[in-house]
Structures are given as C-alpha cells and as structure tokens.
Amino acid sequence: MAFNHLPAAMHDALGPLSVTPVTHSVPMAKNLRPNRPPESGETRPSPGVVLDRLAVGAGRAARITHTEHLPPRPGRHASWPDRIRSEVINAIQQAGIDRPWEHQAVAAEHALDGESVVISTGTASGKSLAYLAPALTALLDGSEAPNGRGATTLYLAPTKALAADQCRAVKELTAPLGHRIRPAVYDGDTPFEEREWVRQYATYVLTNPDMLHRGILPSHPRWSSFLKALRYVVIDECHTYRGVFGSHVAQVLRRLRRICGRYGAEPVFLLASATAAEPAVAATRLTGLPVQEVSEDTSPRGELVFALWEPPLTELQGEKGAPVRRTATAETADLLTDLTVQGIRTVAFVRSRRGAELISLITKERLAEVDRSLPQRVAAYRGGYLPEERRALERALHSGELLGLAATTALELGVDVSGLDAVIISGYPGTRASLWQQAGRAGRSGEGALAVLVARDDPLDTYLVHHPEALFQRPVESTVLDPDNPYVLTPHLCAAAAELPLTEDDLRLFGPAAADLMPQLEAARLLRRRPTGWHWTRRERAADLTDIRGEGGRPVQIVEAATGRLLGTVDESAAHTTVHEGAVHLHQGRSYLVRELDLADPHGAVALVEEANPPYSTTARDTTAITVLTTDTEIPWGDGRLCFGSVEVTNQVVSFLRRKLITGEVLGETKLDLPARTLRTRAVWWTVTEDQLDAARVNPEQLGGALHAAEHASIGMLPLFATCDRWDIGGVSVPLHPDTLLPTVFVYDGHPGGAGFAERAFHTARGWLAATREAIAACECEAGCPSCIQSPKCGNGNEPLHKRAAVRLLTELLKGAPLASE
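From a predicted model like this one, the values you see are computed outputs, not experimental measurements.

Novice: What's the story with the nonpolar core in this structure? I'm lost.
Specialist: Nonpolar side chains in soluble globular proteins tend to end up buried together. One finds Phe306, Trp686, Leu718, Leu720 and Trp768 to be the most contacted residues of the largest nonpolar core, which totals 86 residues. Broken down by element, this core gets its largest block of residues, 8 residues, from helix H22 (residues 700-717). Every residue in contact with leucine 718, bar those within four places of it in the chain, is listed here: Cys724, Ile729, Val747, Phe757, Ala761 and Trp768. In terms of nonpolar packing, the next biggest core, distinct from the first, is built from 40 residues, Ala91, Ile119, Leu162 and Tyr204 among them.

Novice: Help me out: how do you make sense of the sheet that holds strand E2 (residues 64-70) in this one?
Specialist: Two strands in a sheet stick together by hydrogen bonds in their backbones, pointing the same way (parallel) or opposite ways (antiparallel). What the 7 strands build is an open sheet, ordered E2-E10-E17-E16-E13-E15-E14; its pairing is mixed. Two strands bound the open sheet, and with one partner strand each, they are E2 and strand E14 (378-381). The mean angle between the axes of side-by-side strands here comes to 15°, regardless of whether they run parallel or antiparallel. Seen against the sheet, helix H14 (residues 432-439) touches E2, strand E10 (304-309), strand E13 (346-350), strand E16 (422-426) and strand E17 (449-454) and runs at an angle of roughly 150° to E16. Contacts from helix H15 (residues 459-466) reach E2, E10 and E17 within the one sheet, and its direction differs from that of E10 by about 125°.

Novice: For this particular structure, what's the right way to read unusual backbone geometry?
Specialist: Both trends apply: most residues other than glycine have a negative phi, and most peptide bonds are in trans. Backbone torsion omega between glutamate 799 and proline 800 reads -15°, so that peptide bond is classified as cis. With respect to the helices, strands and loops of the structure, proline 800 is situated in the loop between helix H24 (765-778) and helix H25 (803-815). The residue arginine 525 is not glycine, and still its phi comes out positive at about 60°.

Novice: Sorry, what's going on with the packing of aromatic side chains here?
Specialist: The description of two aromatic rings rests on the distance between their centres and on the angle between their planes. What the rule picks out here adds up to 11 aromatic pairs. Ring geometry for tryptophan 197 versus tyrosine 201: centroids 6.1 Å apart, planes at 45°, classification tilted. One end of the pair, tryptophan 197, and the other, tyrosine 201, are both in helix H6 (residues 192-201), 4 residues apart, so they sit about a helical turn from each other. By relative accessible area, which is 41% here, tyrosine 201 ends up partly exposed. A ring pair is formed by phenylalanine 306 and phenylalanine 472, whose centres lie 5.3 Å apart and whose planes are at 75°; its orientation type is edge-to-face.

Novice: Got a minute to help me understand the sheet that holds strand E8 (residues 268-272) in this structure?
Specialist: Across the sheet, 7 strands lie side by side as E5-E6-E4-E7-E8-E3-E9; this open sheet has parallel pairing. One side of each edge strand has no neighbouring strand; the edge strands of this open sheet are strand E5 (183-185) and strand E9 (292-294). Averaged over all neighbouring strand pairs, the angle between strand axes comes to 20°, with direction disregarded. Both strand E4 (residues 152-156) and strand E6 (residues 204-207) contribute to a ladder of 4 bridges, which runs parallel. Within E6, the position partnered with leucine 156 by the bridge is threonine 207.

Novice: Is there a simple way to explain a negative patch on the surface in this structure?
Specialist: A contiguous patch of negative charge, built from Asp639, Glu690, Asp691 and Asp694, is present on the exposed surface. Residue placement: aspartate 691 occurs in helix H21 (residues 690-695).

Novice: I would appreciate a short explanation of the pattern of salt bridges in the present structure.
Specialist: Opposite charge on two side chains makes pairing possible when the charged atoms of those side chains draw close. Inspection of the entire model under this criterion finds 36 salt bridges. Linking aspartate 338 and arginine 60 is a salt bridge whose minimum nitrogen-to-oxygen distance equals 2.9 Å. Of this pair, aspartate 338 sits in helix H11 (residues 328-341) while arginine 60 sits in the loop between helix H1 (47-54) and E2, and the two are 278 residues apart along the sequence. Across the pair, exposure class does not vary: aspartate 338 and arginine 60 are buried alike. Two residues, arginine 565 and glutamate 560, come together in a salt bridge whose shortest N-O distance is 3.3 Å. Look at glutamate 560 and you get buried, because its relative accessible area is 10%. Residues joined in a network through salt bridges with shared partners are Arg63, Arg326, Glu331, Asp334 and Arg366.

Novice: Could you clarify how one ought to interpret empty space enclosed by the protein in this entry?
Specialist: Over the atoms rolls a probe the size of a water molecule, and in doing so it shows where empty space is left. Counted by the stated rule, this structure contains 3 cavities of 30 Å³ or more. Taken as a whole, the largest cavity encloses approximately 60 Å³ of empty space. Together, Cys238, His239, Tyr241, Ala276, Pro279, Ala282, Ala283, Leu286, Thr479 and Leu481 line the largest cavity. Considering the residues around the second largest cavity, the lining is formed by Ala107, Val117, Ile119, Ala130, Tyr131, Leu270 and Leu271. Listed by contribution, the elements that provide at least two residues to the lining of the second largest cavity are strand E3 (117-119), helix H4 (127-143) and E8.

Novice: Sorry if this is basic, but what is going on with the environment of glycine 756 here?
Specialist: Its place among the elements puts glycine 756 in the loop between strand E30 (744-749) and helix H23 (757-763). Sequence separation between glycine 756 and glycine 243 is 513 residues; the distance between their C-alpha atoms is 6.4 Å.

Novice: How do you make sense of the side chain of aspartate 236 when you look at a structure like this?
Specialist: Locating aspartate 236 in the fold gives a position in the loop between strand E7 (230-235) and helix H9 (243-262). At 2.6 Å, the side chain of aspartate 236 forms a polar contact with the side chain of tyrosine 155. Once residues lying within four places of it in the same chain are set aside, the contact partners of aspartate 236 are Tyr131, Tyr155, Leu156, Pro158, Leu162, Gln166, Tyr241 and Ala272.

Novice: What is the right way to look at the packing of H9 against helix H17 (residues 486-499) in this model?
Specialist: Each packed pair of helices is defined by two parameters, the angle between the axes and the distance between the axes. At a closest axis distance of 10 Å, the pairing of H9 and H17 adopts a crossing angle of 25°. The angle between H9 and H17 falls in the class roughly parallel. The interaxial crossing formed by H9 with H17 has right-handed handedness. Across from Val244, Ser247, His248, Gln251, Val252, Arg255, Arg258 and Ile259 in H9, the residues of H17 making contact are Val488, Leu489, His492, Ala495, Ala496 and Glu499.

Novice: Just to check I follow, could you spell out helix H19 (residues 514-523) for this structure?
Specialist: Side chains of residues three or four places apart in an α-helix project in the same direction, reflecting 3.6 residues per turn. For H19, the full list of buried residues reads Ala514, Leu517, Met518 and Leu521. Buried residues of H19, seen end-on, are gathered within an arc of 120° and therefore sit on one face of the element. Of the residues in H19, the exposed ones pointing more than 90 degrees away from the buried face are Asp516 and Ala523. Once H19 ends, the next one or two residues include arginine 525, with phi positive near 60°.

Novice: It is not clear to me how helix H12 (residues 353-368) should be interpreted in this structure. Could you clarify?
Specialist: For H12, which comprises 16 residues, the first-to-last C-alpha distance of 23 Å matches the rise-based estimate of 22 Å (1.5 Å per residue) to within 8%. Residues of H12 that are buried: Gly355, Ala356, Ile359, Ser360, Ile362, Thr363, Arg366 and Leu367. Among the structural elements, H11, E13, E14, strand E15 (404-407) and E16 are those in contact with the buried residues of H12.

Calculation rules
The numbers attached to residues start from 1 for each chain and follow its sequence in the written order. For a predicted model such as this one, the threshold for reporting local features is a pLDDT of at least 70, and the threshold for listing and counting side-chain atom pairs is 80 or more; totals across whole chains, interfaces and linings nevertheless cover every residue. Side-chain descriptors were evaluated using all non-hydrogen atoms of the structure, hydrogens and water having been removed beforehand. For the purposes of this section, nonpolar cores are sets of buried Ala, Val, Leu, Ile, Met, Phe, Trp, Tyr and Cys residues that join through side-chain atoms within 4.5 Å. Classification of residues uses two cut-offs on accessible area relative to the type maximum, computed with a 1.4 Å probe and protein chains only: under 20% is buried, over 50% is exposed, and between them is partly exposed. Each helix corresponds to a stretch of at least 4 residues labelled H or I by DSSP, and each strand to a stretch of at least 2 residues labelled E; elements are numbered beginning at the N terminus. Whether two residues are in contact is decided by their heavy atoms, any of which lying within 4.5 Å being enough. Pairing between strands requires that DSSP locate at least two bridges from one strand to the other. Fitting a line to C-alpha atoms yields each axis, with helices limited to the stretch in contact; the angle taken between N-to-C directions then spans 0 to 180 degrees. Ring pairs are drawn from Phe, Tyr and Trp, using the six-membered ring of Trp, whenever the two centres fall within 6.5 Å, and their geometry is named by plane angle: stacked under 30 degrees, edge-to-face over 60, tilted for the rest. Without a salt bridge and with relative accessible area above 30%, a residue can belong to a patch; like charges are then joined within 9 Å and nonpolar side chains (Val, Leu, Ile, Met, Phe, Trp, Tyr) within 5 Å. In this description, accessible areas are obtained by the Shrake-Rupley approach with a 1.4 Å probe, and a residue is regarded as covered only by the protein chains that are shown. Salt bridges are counted wherever a side-chain nitrogen of Lys or Arg sits within 4 Å of a carboxyl oxygen of Asp or Glu. Note on charges: Lys and Arg go in the positive column, Asp and Glu in the negative column, and His and the chain ends are not counted at all. Lysine's charge is taken at NZ, arginine's at CZ, aspartate's at CG and glutamate's at CD. Points on a 1 Å grid over protein atoms alone make up a cavity when a 1.4 Å probe fits among them but cannot get out, and a pocket when they form an open set with protein on both sides within 12 Å along at least five of seven lines; lining residues each have an atom within 4 Å of a point. Grid points are joined across faces, edges and corners, and a volume is the space filled by probe spheres set on the points. As used in this structure description, the phrase polar contact means that two N or O atoms lie within 3.5 Å; if the pair is within protein, one of them must be able to donate a hydrogen and the other to accept it, and residues adjacent in sequence are counted only when both atoms belong to side chains. Our angle categories are set so that under 35 degrees counts as roughly parallel, over 145 as roughly antiparallel, 65 to 115 as roughly perpendicular, and the remainder as oblique. What makes a crossing left-handed is the near helix being turned counterclockwise from the far one by less than a right angle; a clockwise turn instead makes it right-handed. The arc in question is the one traced by the directions running from the helix axis out to the C-beta atoms. The span you would expect from a helix comes to 1.5 Å times its residue count less one.

Keep in mind these numbers describe shape, not what the thing actually does.
Here is the structure:
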C-alpha cells in the first residue's frame, strides 16, 4: 500500500477546519490606560522592554524559546556618480537625503555603464533610490528629445500594492522636476479611460508580470513608442520570482527582450531584493542576461530583537490522542492586543486571508474590553479588497491612525510602512527570505524594532523555534526556478509567435529546450511554419494558454443553488478535494455544504452549494500511485540509493471524512466517485534494503508507518532547504515499490513538469534528511503529533505512522549519506 501526501495542486490546501476555543492567556490589565503612540521627538520603549512586557503573566515567559539580538550598524556614505543629473540629485536632497550610501552609488554606476545589476541589501537600505537615480537621469535626458519621450522605464512589482506605493514615492520625489517625469500605474485597477494616456505619454510605467504577459506584450504595437525608448527595466523584490511562477516570469522577460529588440531597444535590467542568495546567479537565470551584483549593505540599521515564541499545549487531543498546541492564530491575536494597548505600532503577518480577518476580529473584541476607542485602530489587510480600500489602509498605517494590522503577504513586499515598532509573524512563512522580508517591515525609520515568530503546530515551525541557528546562522535559500520546464515554456513559445512570428534565431533566446518543442507544437497545430517563421494558428489569444501564477484549466464556479449567486471560484486542480459533493465550503465567514459537483457542464464546471452550519469539517481521502518514468541521477547511500528523475503521479479522491470542529474526532466516512487525475512531474526518492531495515530494527509491521512518518516529516522540512511551501510538494511512501523493488519514499513537485524543488532536495539531501530526523526525534510527544509526523493534508488520515521506527530508519539511512550530497 502507498501512503501519500499531496501538494496543493491535487489536494485541499486549507486542510480540515480546526477551531480551538480562544481565551486570553493572561488577564489583561484593564486598569492600565492604553499608551498613545510616541509623538515626534519622544523616545519609544526599546524592543527589549516591549518584549519583557509581553512576557509578563503566568506561563508567558516559557513560551519564548530563543531571543536573538541583532546589534545596530553604522552606515558608509559615498558621492553620486558624475553622470547623475544635478536636477535628480537636487530632488533627492530636497527629500532629505544629502548623500547616498556606498552601495547605492555602486549600483547606479553599473546602471549608467549599461550593465544589468542586482542590488541585494537589507530592508530599508535605499534600494529604490539606487535604481531611481540612473532611471530618472535617463528620463530627463529623454525629455529633451524632440518628441519629449526619448527614454522610458518599465517597473515590475509582484503585487499591485507595491506598484501603487512606489508610484506615490516616485511622484513625491520627482515633484521638483515638473512634468518631465511622468510616472503612472498600469495594472488591472487602472481605469480604462486612463490606459490610453499611459500608453501614449507615461515615461515611468509601473506594472506587474501578469499585465506584461496578458496586456502589454500581446498589444505591443500600441506600446511601440514606449518600447522603442525603453532604457531600463526595474524588477523589484526579485526573490519572489521562484518556482513555477518564477519560471513563467523568466519566459515573460525573454518575450519582452525579443519585442524590444524588434523595436531597436536593448534595455538594461535593474533588480532589487532584500533577501536573495547568490543574487547574481538568480538574476541571470531570471533575465537570461549577465548581471552584476551589489550585496554589501552600507546603510545604518537599528537594533532588532527577534523572539521565537511557541504556543503552549492545551488539554485538547487530536488524531489518535495526539497533544494539540494552542493555535498560532489565537496566540497572535493575544500579542497584537497587548502591543496595541502599549501603543506599539504593529503588523501581524498571517498566511491566509481567513486568518488575517480572524486575528483582526479577535483583537478588536479584546481591545473593546480595555478601551472602546481602540478597536477602530486595528484592521485587516489582504488581497481581495477593493483598490480604494487597500490604499486607505496603507495611508492609515503610514500616518499612525492605525496601531495594529493583521495582514497577509500582500503587505510583505516593499510597501513603505516606516514607523512600525514591531512585527508578529504568525507561523513560519515558508522561507527564510520571506521571514526576513516580513521582519524588516519594522524599524524602517532606523530605530530599534521587535520581531516575534509565533510557531504553528507544524514540524518545521517546531523545529525552528528549538533550533534558532537554522534561522539566524544560515543564509537565505537559493531561488529555485526552471525556465526550461516544457509545461512552462510551451505556452510562452505560442504567445511569442502570436506577438511576432518566431524565427530560428529567436529560439536561442528561449533556452536550449525550445528547438525540441517546435515539432510538437506544429504537430498539435498550435504553430505553423512558414518562410517568415512559426505563426500562431488559432483565433483565441495565445497569452490565455497559461496563468503565470496558477495551474491552468478553467476554474470551477461555486454557485449558491437557491439564488444562482456566484460565491467564488476554486482552481480546477483543487476542486476534487475542496468542493466535492458533501464538502463544507467557507465563504466570508459563512458555511456552505456542496450539494453537487458537475464537472461535465459544457459551460464550465460548477459546484452547487447551500448555506448550512454543520458542526463538522470535511477532509478528502485519496489514493495515489507513482510510476518512475526516467531516472536522471542516482547515487549510493550505503546499501540504499538516492535518485532524481521524472515520475507520473495518479491520484483519485475516493471518500471524505467528517470531523468534529474542536476535537478533530472522526464522525464518519462517505464514499465518492470521482475520476482519477494524473500529473507528470519531477521527484526525488530514496530506497532502503533489507540489511538496512535489520540494522535499524524496523520489522515488517513497523515498516509502512516508519516510511510514512519519514515522508511526512521530510515534506514538512523541505522548505528550510528550497524556496517552496509544503503545499507545493507531495509525497508517496511504499513498502515495496514495483519500479525499485525496495521500500521507497518519493517527494515530488506538485506542478506539471516540475518546479525545481525536488532537484534542490536531491542536492541538499544529507542536510535535509538529517534535519528531518532531528525534528522527529526532538519532539516531546510519545507517538507522533502535528509538530513532527502528522500531516494536515494526508490522504490516508495519518495512518499508519510509527515515530520511533522512523527515527531509527533515518539514522541508518544517513550513515551511508555521502558528503558530496550537501
């Protein structure tokens, strides 16, 4: 029997709804008047003092497992390069910046020399100014051309919020320069009546990769005057372009370079990130161009106190009687409440939209018990809000009108929220890069700041709060992306051919795999070869072949049966596990039951739901089979083997469980009749022999549970070594696999063609599996719990699992691990 652990692409990424009664951990001091935010010139309490206040109360101090003190750092100034125009320098000085930091001047020099450059320095180190100074100089030079548009700049941000914030900052900075600099946002929120003005007159256009892919490149003739004059392309927060999304963006940038070349332009790329490992290598892979690196941060930094916080165990029991910790959501709401009462301006980062709303709601209720004026100074911030709502929240936070904000990662990137005193991170965000990005939101004015990571009941979170060296003594992860993934490359070749016929010379731009794909695209009648090159043959838009952030396929519509009202959509890949018949679906705080899932509707798949309030959640159960297609690399691990290659995963949802909301107790199981789904992807797998099992004292009765437990824990730990989330990957463990003829554990990328995560796991396997073994062995539970070997998305209901046998098995496996696998 195979035990499987599915990625989000083939499983419910939300998992079962788990509700823990929320009670404040210590009685709040209601006789204390809330502290107002310090006025200008007043001294704020030091981050250490703020943390000491949070630790007051029964059991509070014991929740702090580690405190890291990052000392303040002085800065080093330089002078702007002579080629930066005096008007630009004057505008910067009017903004209160007399001289640049040394790294800003060095990056600007590279840009002026026509060299693409990535600046990878800390949060609030002035990266924006490093690329703005040369870009604005070029725009001023261009404004003196006869048509007034002799140079343009394109700015790409991963989120709309960041682009809007940067546009505001550019307008403020360039106000003294008059109308010679014309910045404008061009994204899905831009009114249609403004779009033509942007195309014709804007010189500094701020957008995102999605709009570049779907809007600008397919309509490049309408953008011809802008693209002809394109001098610089700014790619902000470039570390976010990883995995499948990053691979798509890499190909979008190659399409941009190709179109620019046809218009006679060869733009210089300026990339920025506060958290990138090997930034030049990652930037080169993203852009396809050689990129210079500036990574020494010469800006000053205030003190940062970083605390690791583990919620306490509760009296509740989960699956198989496993101990359950208080939720990170409840603990974060407590901390946000206490910091708001102290007048400490705080952002709490939460992984889900629902979590952000819930923390905001709980915090407001607690604050109302202390002072009825305080709840209005706390809010939630997440994707899905109207543009004007997001802008209003950003202004309120910036001005100090808001004291506390529960936000998703929509606020993580670059948005200027200077003046924050503290950041709470509710659950490890998946990568060290994101962790430091979020922690860097506080203390942006140069003063001291507090950051608190609140651990979830999860193997990786538990490991990190007890192994602080994994956070504070290691660099951020390498950015993993694979532009040559055929599932990524194919739709972009079609999109490129639709923009301009593809030639043999063009194929080299798209990478070595492009030429091999052209006959397949011709055979599929997507492209047709003519003397001028390959042409797109269909009437529909080629850019619509792929969603660069999603899995493709038409989304399943969720419709209220009684009214016909559209409640929302769910990705096709997740429909079988989230909106199957009988599933509980949550929408804006209300519960619905799925009455019918119609996958055959000619107008598109639809899930009909009716409002209900069942006292249970639902969890899909499934079966998974995995077949090895090719083994690309194989190395011995003692008697066992470590392998990397291509696999085909076949998954079928066969039933669902109903569980009590609070305890997780299973109330019953209902069979389902849904079609199987297949996924061709990349995987890493390891095998063990009978001799290794004997040495590890793992008998046949324990073997399935040992492999299954090791699989769960290894998936939970992989984000520490690759820039992925556990929902990006899946796994299967088999006591006797037909292709290897040995006990085998597979971990695979949850995206067609792969995303680079399994390959990264292969190359870091020794450290990855050693950390996995340590995470299981160090957990204080007796037989396994969510903090070590239980998984929130296990298709087999976390059965069977054997914690101690998994530790012995991994110990034996690691004895044969070669050092070269590091």
